[in-house]
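Below, each chain spelled out in residue letters.
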Amino acid sequence: MGWLALYGYLALVALINLFGLRRVRPGGPTDEIAVLIPARNEEENLRRLLPALIEPNPGLRVYVYDDGSEDGTAEVATAAGARVIRGGELPQGWTGKNHACHCLAQVATEDSAARWWVFLDADVYPEPGFLGGVVEHLKRSKSPVLTGFPRGLPGRGIEPMFLAWVGWVLLATNPFALVSRSRRGHSRFTNGQFTVWRAEVYTQLWPNERLRDRILEDVLIGRVLAKEGVFVETVNVSPVLGVRMYDTWRQALDGMSKNSYEITGSGLGTLFLTLLFMAIAVGWVFAPWGLALLMLSGLAAALTMRYVLWVVPVMPVAVLIGAFTLLRSWVWRRTGRVTWKGRTYPRG
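Here the structure is a predicted model, which means the values were calculated and not measured.

Overview of the sheet that holds strand E5 (residues 124-126)
Strands belonging to one sheet form pairs held by backbone hydrogen bonds; the direction of such a pair is parallel or antiparallel. Taken together, three strands build an open sheet; the order of strands is E5-E10-E7 and the sheet is mixed. Only two strands of the sheet have a single neighbouring strand rather than two, namely E5 and strand E7 (151-152).

Section: helix H5 (residues 130-141)
Spanning twelve residues, H5 covers 17 Å between terminal C-alpha atoms, matching the ideal 16 Å at 1.5 Å per step. Along H5, nine of the twelve residues are buried, which leaves the element largely enclosed by surrounding structure. Taken together, the buried positions of H5 are occupied by Phe130, Leu131, Gly132, Gly133, Val134, Val135, His137, Leu138 and Ser141. Immediately downstream of H5, the backbone of Lys142 shows phi near 55°, a positive value.

Some thoughts on the pairing of strand E4 (residues 116-120)
Of all five residues in E4, five are buried; the element is thus mostly enclosed. Residue alternation in E4 divides its side chains into two sets, Trp116, Val118 and Leu120 and Trp117 and Phe119, and both sets are buried. In the sheet, strand E1 (residues 33-39) pairs with E4 via four bridges, with the strands oriented parallel. When the sheet's bridge partners are listed, Ala34 is paired in E4 with Trp117. Where E4 and strand E8 (residues 194-198) come together, five bridges link them in antiparallel fashion. By the bridge assignment for E8, Trp116 is matched with Arg198.

What to know about helix H14 (residues 315-335)
Because each turn of an α-helix spans 3.6 residues, side chains separated by three or four positions end up pointing in the same direction. Its 21 residues give H14 an end-to-end C-alpha distance of 30 Å, which sits within 8% of 30 Å, the value for a rise of 1.5 Å per residue. Phi turns positive, to about 70°, at Gly336, one or two residues after H14.

Conventions we followed
- Residues numbered from 1 in each chain as written.
- Predicted model: local features only at pLDDT ≥ 70, side-chain atom pairs only at ≥ 80, totals over all residues.
- Heavy atoms only, no water.
- Pairing = 2+ DSSP bridges.
- Helix = DSSP H or I, 4+ residues; strand = E, 2+ residues; numbered from the N terminus.
- Expected span 1.5 Å × (residues − 1).
- Buried < 20%, exposed > 50% of the residue type's maximum accessible area, 1.4 Å probe, protein only.

As far as function goes, none of this settles anything; it's purely spatial.
Structural data, given as structure tokens:
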């Protein structure tokens, strides 16, 4: 009965999010928003992304922080019409993305009168009407912080199997839709790929500065907002925004090994989560309908993010990969091997 309750809970929460998360729909041009993009060696992504943002929104202010890139990031961004902030050597005690986002916010404070700031990763794919739809939703909801789940664009080959567990564990364990619709409680989460801040709320908290030395800053920012009593609305932004995080399975494994330890922030917590994932991956053997419910939770998460559906039948394998990734992340942290985009992060 205990196993069945666990799988039933995962399926129920995932279904609540599938049907309950509000969707952002396309809107018209807008000048009420500024876009802030941290970028390190993102020449190709920016060549695609910036015209999709700027051309439909004449006068849109887009700020790109060139975080010590070794390619043409700054040149491509300038040519596309973005304002580029060139970073120097990373200050001691900061991680790259936290420093980039903090510097972007400082510049936007002085240079833009926009009411809302949209933080985007360079690997997102906006659809026509993306920014206008975001503004229209914000006007209706009056939320001080908005985040959400973009459409998941798969990489090559078996790459989705190495990433499916991430969206699944978020959407099958946290009832974002109930929190967002009731405005009670807190999801303790933001998604760094897409987060919108009311400008004055960000400058009251300066969250990236608070978390300057942390790696999984977006999830940790959610916890800061919960502590400060700032409501975060989570939406389904898949109709207007996609994201392709990685191209190959090895990139996905390494990328998630970099930051998965930060989910709990401790070796003991990571070990517990690893064992829980392993139990979920194989526990259905002892529970009638357990496998069907696990696959149902995977299906609901995949449909929410419009992800590839072939990962659903292999959910036990995907969850086992998640367990391995968590354990690998802990080993990396303990041995000082956390390296990403040419930077090695401190040993924990």
